[in-house]
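Observations on chain architecture
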Amino acid sequence: MKLFANKTQRNAKLLRCSALGMTLLFLGAVILMTDPVKRIIDWQISLSPYALLRKLWLYPPLEVFIMVYMFNYTNVDAFIAGTDAKMRIEEVGPYVYQEVLSNHNVTLNEANNTITYTPRREYIFVRDRSVGDPKLDRIRAPNIPYMGVSTQAAKLSMFAALGLSAVTKRLNAQPMLEISVHDYMWGYEDHLVHLASKFVPSYINFASFGIMEKLFREGNESNVFNMHLPERKDSHGVNLPDSPRAYSLHSINGERGFTRWGYDEATNGTRCNRFWGSHDATLFPRDMNEEDTFYIYRRTFCRLLQMKFNRTLTYKGQDAFEYTMDPNVFDSELENVNSSCFCKNNHCLKRGMGSVGPCYYNMPLAITYPHFMYADPSLLAPFDGLNPDESRFSSAVLLQPQLGVPLHAHVRLQANLAVGNIKFDSTMEPFENMVLPLLWVDLTIENLPVALQLLVHGIKYIFPLVQGIVVACLLLAGFYQLSTAFMLCFWSPPVGVLLKSEQGEKRASILNGLTTLGASFHKSAQDSMQPEVQKLLPPETSYKLTHCDIKS
């Protein structure tokens, strides 16, 4: 019976170790093959309901700042009088505003795998980062509406141009304003603009004018974006052919291109006038590589800005791809299909200038790099005080390549007023055919918030590492249990060991039996002695008898 009992225990242990080992190996293999961390990350880094990325995207925690540098014209009177041959410009700034983005009216469109939303941006002045108070600081700067109208008047008939000149004189419009920085940026009352809003309210629907107001705020809450979601995949996890890039734009207000630049829906336009496939600079593609090129869209630019891969680097412990803008990003050429649409009436602006007028009531506005960097040298000739500097004025975006998270960014642009030919307006003649700098801006992402840094580290390193450790532990434990079962199945202890074990068990059994027998005998003796003793003792002393007296 003892041998049978030992064999039964051994078999039970063998089965237990085998079952546990197989289970652990199975769990480890399942985790290794299915990669649940990747599946969870793919779900959370999406815009699906209840996903983490969706919550972050609705109210992005990124700190985006717009640093504005104004140009103060210091010798206007001497230049108009002809005393000074060049205009002296003084750069004043930065005046820093934090851009707070939120996305509203969100709708998922399963039919074409897109999401529709309305972005809203607020601009909050940051005093401790700024050089001064824009409401108190004053500058002299070009009168944009007046100069714009005077430039457009040159294209009118003689009688229309004379009539417009008479109106501007009647309103006492001046080519240069002395104005506070805040009013120049965010809006000031202009008699010419007010008059235009009365005559053509369907076209000019505002009575005040501010350059930052027009570039950044106008249409802020009315544009409806439609964006592609991550690419759909087949059963093998491969992207379906011809899938649009994740988080690229599908349309804005139902249009897939710039109609003001001649976009044709039937032909899908060209890269010059099509914003389909670009990115709104809030979400970028995942799993990027060194061959990638992407385009940034914002209404401010009135065009796409191409970002090309430059180099790989490490930024604050994170792998990063640096993308930069080409020096010729604002150029337009009739022979180049990807920039010819910017040449209105077969007329292209000078090298380094990009027209944005069609997006801003056909005012002669243009964007360049700050201080006319990379632009035609003739643009610098009429001014003193402009100093192009690549280290200060270049643009770059650092992206975490696996997740498409922006780690750091500087996008720097300058807004200019391109004055053309002047007719019948003597006050404007000194500025004829000049390109006047208005301001330049630096759109900046300085650092990821700590929470996002931890999330990026977790997704990139910590979560996969934890999963790897768990898999390794499961597999090792499974192999250990199976090895134990194998030894129980094919290995038996030596005979001497078994005999000693059995002898030890027999001795222990005998000792247990003797102990039990002694305890029973002792108890019986106590039970039989107690009544006899009580009979021999007198009644009055019987209560003094104790258990200890009996034992003694």
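Residues numbered from 1 in each chain as written. Predicted model: local features only at pLDDT ≥ 70, side-chain atom pairs only at ≥ 80, totals over all residues. Heavy atoms only, no water.

1. Comments concerning the confidence of the model for the protein chain
Looking at the protein chain as a whole, the pLDDT averages 82, with 81% of positions reaching at least 70. Here residues 539-552 scores under 50 on pLDDT; set against residues more than four positions off or in separate chains, the count is 7 contacts. (pLDDT = per-residue confidence, 0-100. Contact = heavy atoms within 4.5 Å.)

2. A few points about a nonpolar patch on the surface
Taken together, the side chains of Y461, I462, F463, V466 and V470 present a nonpolar region at the surface, about 410 Å² in accessible area. Residue classification places Y461 among the partly exposed residues on the basis of a relative accessible area of 33%. (Patch = residues over 30% accessible without salt bridge, like charges linked within 9 Å, V, L, I, M, F, W, Y side chains within 5 Å. Areas by Shrake-Rupley, 256 points an atom, 1.4 Å probe, with all protein chains shown as cover. Salt bridge = Lys/Arg side-chain N within 4 Å of Asp/Glu carboxyl O. Buried < 20%, exposed > 50% of the residue type's maximum accessible area, 1.4 Å probe, protein only.)

3. Things to note about the pairing of strand β8 (residues 225-228)
The two faces of a sheet get side chains in turn, since along a regular strand they alternate between them. Neither face of β8 is exposed, since F225 and M227 on one face and N226 and H228 on the opposite face are all buried. Pairing between strand β3 (residues 114-125) and β8: 4 bridges, direction antiparallel. Residue T114 lies in a different strand from β8, and its bridge partner there is H228. As paired strands, β8 and strand β9 (residues 249-252) are joined by 3 bridges and run antiparallel to one another. Paired with F225 across the strands is I252, a residue of β9. (Helix = DSSP H or I, 4+ residues; strand = E, 2+ residues; numbered from the N terminus. Pairing = 2+ DSSP bridges.)

4. Notes on unusual backbone geometry
With an omega dihedral of 10 degrees, the bond running from G93 to P94 counts as a cis peptide bond. Mapped onto the elements, P94 comes out in strand β2 (residues 87-109). In this structure, Y361 is a non-glycine residue whose phi angle is positive, near 60 degrees. Within the secondary structure, Y361 is located in the loop between β13 (354-355) and β14 (365-368). Even without glycine at this site, H371 takes up a positive phi of about 60 degrees. Residue position: H371 is located in the loop between β14 and β15 (383-384). When its relative accessible area of 3% is taken as the criterion, H371 is described as buried.

5. With respect to the pattern of salt bridges
Going through the model one piece at a time under the given rule, you end up with 12 salt bridges. Note that R88 and D84 form a salt bridge whose closest N and O atoms lie 3.4 Å from each other. The partner of E91 in a salt bridge is R392, and the shortest N-O contact between them spans 2.4 Å. Placement of E91 in strand β2 and of R392 in helix α10 (residues 390-393) is noted, with a sequence separation of 301 residues between them. The exposure class of E91 is partly exposed, given its relative accessible area of 25%. Among the residues examined, R392 registers a relative accessible area of 34% and is labelled partly exposed.

6. Focus: the nonpolar core
Membership of the largest hydrophobic core comes to 125 residues, with the highest contact counts inside it found for Y184 and M212. With 9 residues, the top contributor of residues to this core is strand β1 (residues 64-73). The contacts of M212, once residues within four sequence positions are left out, are I66, V68, M185, W186, R217, L439 and V441. (Core = buried A, V, L, I, M, F, W, Y, C linked by side-chain atoms within 4.5 Å.)

7. Quick word on helix α5 (residues 144-153)
Across the 10 residues that make up α5, a large majority, 8, are buried. Within α5 the residues assigned to the buried category are I144, P145, Y146, M147, G148, S150, T151 and A153.

8. Notes on helix α2 (residues 36-44)
Here α2 has its buried residues at V37, I41 and Q44. For α2, the angular spread of buried residues about the axis comes to 65 degrees, placing them on one side. Here the buried face of α2 lies against α3 (52-58) and α11 (450-490). (Arc of directions from axis to C-beta.)

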